[in-house]
Number of protein chains: 2
Amino acid sequence: MPAPVERAHSHGAEAVRGPDPRAVRSRAAALAAARELLVEQGLPGVTHVAVAARSGIGRTTLYRHWPDTAAMLKDAIAELLDTAQPEPTGELRADLLALLQGTRELLHQSASERAMRTFIERSGVDPSFTDLKHAMYRAGTAGFRRVLADAKERGDLPAALDIGPAVDQLVGPLFFRRLLGDQEIAPEYVRDTVDTFLRCYGAGG
Amino acid sequence: MPAPVERAHSHGAEAVRGPDPRAVRSRAAALAAARELLVEQGLPGVTHVAVAARSGIGRTTLYRHWPDTAAMLKDAIAELLDTAQPEPTGELRADLLALLQGTRELLHQSASERAMRTFIERSGVDPSFTDLKHAMYRAGTAGFRRVLADAKERGDLPAALDIGPAVDQLVGPLFFRRLLGDQEIAPEYVRDTVDTFLRCYGAGG
C-alpha cells in the first residue's frame, strides 16, 4: 500500500506534527470526486479538470499530488481496499469470512467494481495502468496472504500450502461470478466458499 | 451457442443442400478479421468498414449478417469458445483437465483474452454488450456444467453438488490469476486445480 500523499510529500515540520488537517480533508474530497466521476462517466471522465470542478480543490494541488489519472485512481481505490481488509483476529474461519465479505463488498460497490472492470480492460493496453493494477492486486490480496501465512505458522493450515493458489481458490470464484457472470453474490456464497476451502485445505485436508 | 449465420439466414434450398461453401469462407474471413482488429486496435477498431477492408467481404454482406459490432464479436469469439470445449469422454478427471486446459488457452490467446477483458469493462456501460456477455458466459461454462451434471448422474460427484459454484471453483482461480494478477498460468496450475477440486468435491469428499 502506498504511503498517503501527505506523508509522501511531507516536509520536516509536517513529519513532526503530522499532516495538515486541511490537506487531509482536501485529499479526501479529491479522491471522493474521482470515484464519483469514474462511476458516472467511466475512465474518460476522471480528469484533473473534472476532479477540481467537482471537489473544489485547485488543479495545481491535484497535479502536485497526482501527476496522472492512474495515480489519482490508485489512491482513490486504495482507500476502499483498506476498509475491505479488517485486522485479523487469529481465528482462521472468522478472518477468512471477514476478508471474503470485504471482497464481496468491493465487487458490489459501484466505485470499486467499476474500477476493477476498468483496470482489467486497460491492462496490457495502457502502460500508465500497469503499476496501478499490480499495486491494487498486491494490496487486495495482502490480507488473505497474511491470514493464510499466520494460519500455517499456527498449524491451522498445512505447512506445504501454496499461498498464491490458495488465495485464488478463495477469491477467484467471487470474481468470476461477478465480473464474468454479472451475478449478485449472496452472503451464503461467501460462507460456503470459506467452508469449502477449510474442508479442502484445512489441517485435516 | 447461437446457430451459425448461414443457418440463421438460411433459405429452404440451403437448408436442404447445406450452407454455400463461399458463404462459409466469407464468414470465416470476416470473423478472423474482426478478431485481428480487436487485438490490434481494441474495441474501437472493430468496425464494419475496417472488417470489410481487412477481409475483402462487402460491407452490405457484413451488415446483413451482423447488424452491430457486438453481434460480430459474439460469433468471432463463439468459435474460440467452441474449440476450447472438447467432447466429454465420460472420465471425470480427464474431461475436467481438457476443459480447464481450454480455459487456460482462452486466457492466453490474444483474441479471446482481449475480448474477455473488453466485455468485462463494457458490462453495465454499453447495453449492446449485455446479451453478448451473457451468451459468452453461458457458452463458456456449458462444457463444465455438462461434465459435472453427467458425473453426478454416474455417482462420480455427490448428488447434492451445486453445479454453479462448482464451476466457479474450477475456473474462478484461473480468471483471477490471469485477468486480475496478469500472471501466466502454468499447465501444472490447471492440473492442481482439478485435483484439488476432485479431492474436495469428489464422491469421497
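Residues numbered from 1 in each chain as written. Chains lettered and ligands numbered in written order. Predicted model: local features only at pLDDT ≥ 70, side-chain atom pairs only at ≥ 80, totals over all residues. Heavy atoms only, no water.

**Q** Explanation requested: the UniProt feature "domain: HTH tetR-type" (unreviewed entry) in chain A in the structure shown.
**A** The positions UniProt marks with the feature "domain: HTH tetR-type" (unreviewed entry) are residues 24–84 of chain A. Overall, residues 24–84 of chain A shows 79% helix and 0% strand. The separation of its end C-alpha atoms is 21 Å. (UniProt positions renumbered as here; feature names shortened; annotations may be inferred. Helix = DSSP H or I, 4+ residues; strand = E, 2+ residues; numbered from the N terminus.)

**Q** It is not clear to me how the state of the cysteines should be interpreted in this structure. Could you clarify?
**A** Joining two cysteines, a disulfide is a covalent bond between their sulfur atoms. In the structure shown here, the tally under the stated rule is one disulfide over all chains. For C200(A), the disulfide goes to C200(B), at an S-S distance of 2.0 Å. Taken together, the residues C200(A) in helix 11 (residues 187–201) and C200(B) in helix 11 (residues 187–201) connect one chain to another. Neither residue differs from the other here; C200(A) and C200(B) are each classed as buried. (Disulfide = S-S within 2.5 Å. Buried < 20%, exposed > 50% of the residue type's maximum accessible area, 1.4 Å probe, protein only.)

**Q** Where do I start with the interface of chain B and chain A in this structure?
**A** The accessible area lost on association of the parts is a frequent measure of interface size. The partner chain A presents 34 residues to the 34 residues of chain B that form the contact. When chain B packs against chain A, the two sides together hide about 3100 Å² of surface, and 57% of this comes from carbon and sulfur. Between K133(A) and D182(B) there is a salt bridge; the shortest N-O distance is 2.6 Å. Taken together, the connections running from chain B to chain A amount to 22 residue pairs in polar contact (both at pLDDT 80 or more). At the level of elements, helix 8 (110–122), helix 9 (130–154), helix 10 (163–180) and helix 11 of chain B are the ones that each hand at least two residues to the side of chain B that touches chain A. (Contact = heavy atoms within 4.5 Å. Buried area = accessible area lost by both parts, 1.4 Å probe. Salt bridge = Lys/Arg side-chain N within 4 Å of Asp/Glu carboxyl O. Polar contact = N/O pair within 3.5 Å; in protein donor to acceptor, adjacent residues only side chain to side chain.)

**Q** I would appreciate a short explanation of the environment of F119(A) in the present structure.
**A** Residues and elements named next belong to chain A. Mapped onto the elements, F119 comes out in helix 8 (residues 110–122). Sequence separation between F119 and L132 is 13 residues; the distance between their C-alpha atoms is 8.3 Å. Discounting residues that sit within four places of it in the chain, F119 has contacts with L73, I77, F129, L132, K133 and M136.

**Q** Would you mind going over the relation of the copies chain B and chain A with me for this structure?
**A** Relating one copy of the chain to the other requires a rotation about an axis plus a shift along that axis. Mapping chain B onto chain A leaves a residual RMSD of 0.0 Å; the transformation is a rotation of 180° accompanied by 0.0 Å of translation along its axis. Both chain copies can therefore be described as sitting about a two-fold axis. Among all residues of chain B, the minimum C-alpha distance to the rotation axis is found for G172(B), at 2.1 Å. Of the residues that chain B buries at the interface, 100% are likewise interface residues in chain A, meaning the two copies contact each other through the same surface. (Least-squares fit on C-alpha atoms with pLDDT ≥ 70 in both.)

**Q** Where do I start with the nonpolar core in this structure?
**A** Soluble, globular proteins show a tendency: their nonpolar side chains are buried together. Among the nonpolar cores identified, the biggest contains 122 residues, and V51(A), L96(A), L148(A), F197(A), V51(B), L96(B) and L148(B) are the most heavily contacted of them. In contact with L96(B), not counting residues within four places along its chain, are F144(B), V147(B), L148(B), L170(B), V194(B), F197(B) and L198(B). (Core = buried A, V, L, I, M, F, W, Y, C linked by side-chain atoms within 4.5 Å.)

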